[in-house]
Amino acid sequence: MSEAPEALVLDELSAGNSGSGGGWKDFVAGRHNQGKSVYMLVRMQVEKAGMFKGPVDCLLKTVKNEGVLGLYKGMASPLVGIAAVNSLLFWAYSYGKTLQTGSPNITPTMGQIALAGAGAGVVNSVLASPVELLKVRLQVQYNAAARGAEVFRGPVPLARHLVQQFGARGIAWGFWATVAREIPAYAAFYSGFEFAKRRFADLLTDGDASKLSPLPLMLSGSLGGVSYWVACYPLDVIKSRVQNGSAPPRRMGYIAETARNIMAEQGVKGFFRGFSPSVIRSIPAAGVTFATYELVMRALNNNLM
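Note that the structure is a prediction, hence the values are computed from the model and not measured.

*Asks:* What should I look at first to understand empty space enclosed by the protein in this one?
*Replies:* Unoccupied space between atoms shows up once a probe the size of one water molecule is rolled over them. Going through the model one piece at a time under the given rule, you end up with 1 cavity of 30 Å³ or more. If you add up the space inside the largest cavity, you get close to 40 Å³. Along its surface, the largest cavity is lined by 11 residues, and Tyr93, Phe193, Glu194, Tyr293 and Glu294 are the ones closest to its centre. The set of elements that each furnish at least two residues to the lining of the largest cavity consists of α5 (76–101), α8 (175–204) and α11 (275–304). Per-element tally for the lining of the largest cavity: the top contributor is α8, with 4 residues. Split by residue class, the lining of the largest cavity holds 6 nonpolar, 1 polar and 4 charged.

Structure representation (structure tokens):
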């Protein structure tokens, strides 16, 4: 019989091994994983077809019209929020595994990994949605001053404006679209990583994943990153379009409505604009994220033994 939820909470907060759970250690390890936003990706997702021919054209036009600093619009929001987002994500994932196995010391099945990842995605949406909302709206201020539109210099003025104009809905803008994306995204993210890590462990360390060097951990993380985008990219396009709308949606059917609009305007290709740079970027980014997480977890475990 598995432990009661209260016991699992205490166990999760006090114990854990790398790759099998770690409670507060996962929170600390996640704190060191700093994701990077893709500026051109957001613009290609939300702008009308024909504005940019591709990533290179988007880059050149942005630098021409807004200077090199234009490439860094919207960076303040993810830089400030990504630490909390990643910490919450990895903790929720760890706790989700423990809830299913009954102990952080039991290796979960791949199905349990996927379910824990999906659950972590739902929890993560609470922080990820407002962070990404501010990022998206700051990054699409393409030549805004020339059009006479209001220009926001950072996430705080923008957040204040959204709350003043729409109330709490202004910050919750696109929350359910974020949830719809996060569920398959993080189920694939953690499954891809764990699958590769276990295969590398079988090949290199007699099945002991705790002895893997940084390189196979990075390669495993890269597979997780690619899996993330393959599983959710059309939903990410929908989320970006929703969060760049003229007003927060009031009806729950806005996800399907946005999907129909994209299909009508751009066809199937509209759901994959910016896909290639996203996947390419995810290879080093997710590789570093997972390798850092695993190595920090090892250091924490060793220091507490």
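*Asks:* Is there a simple way to think about the side chain of glutamate 182 in this case?
*Replies:* By the secondary structure assignment, glutamate 182 is in helix α8. Excluding anything up to four places from it in sequence, glutamate 182 contacts Gly121, Asn124, Ser125, Ala128 and Tyr228.

*Asks:* Please explain helix α10 (residues 254–266) as it appears in this structure.
*Replies:* Between its first and last C-alpha atoms α10 spans 18 Å; for 13 residues at 1.5 Å apiece the expected length is 18 Å, and the two agree. When we look at burial in α10, the residues that qualify are Tyr254, Thr258, Ala259, Ile262 and Gln266. Taken end-on, α10 shows its buried residues confined to a sector of 140°, consistent with a single buried face. Exposed side of α10, more than 90 degrees from the buried face: Arg260 and Ala264 are the residues found there.

What counts as what
Residues numbered from 1 in each chain as written. Predicted model: local features only at pLDDT ≥ 70, side-chain atom pairs only at ≥ 80, totals over all residues. Heavy atoms only, no water. 1 Å grid on protein atoms, 1.4 Å probe; cavity = no way out; pocket = protein on both sides within 12 Å on 5 of 7 lines; lining within 4 Å. Points joined across faces, edges and corners; volume = space filled by probe spheres on them. Helix = DSSP H or I, 4+ residues; strand = E, 2+ residues; numbered from the N terminus. Nonpolar A, V, L, I, M, F, W, Y, C, P; charged D, E, K, R; others polar. Contact = heavy atoms within 4.5 Å. Expected span 1.5 Å × (residues − 1). Buried < 20%, exposed > 50% of the residue type's maximum accessible area, 1.4 Å probe, protein only. Arc of directions from axis to C-beta.

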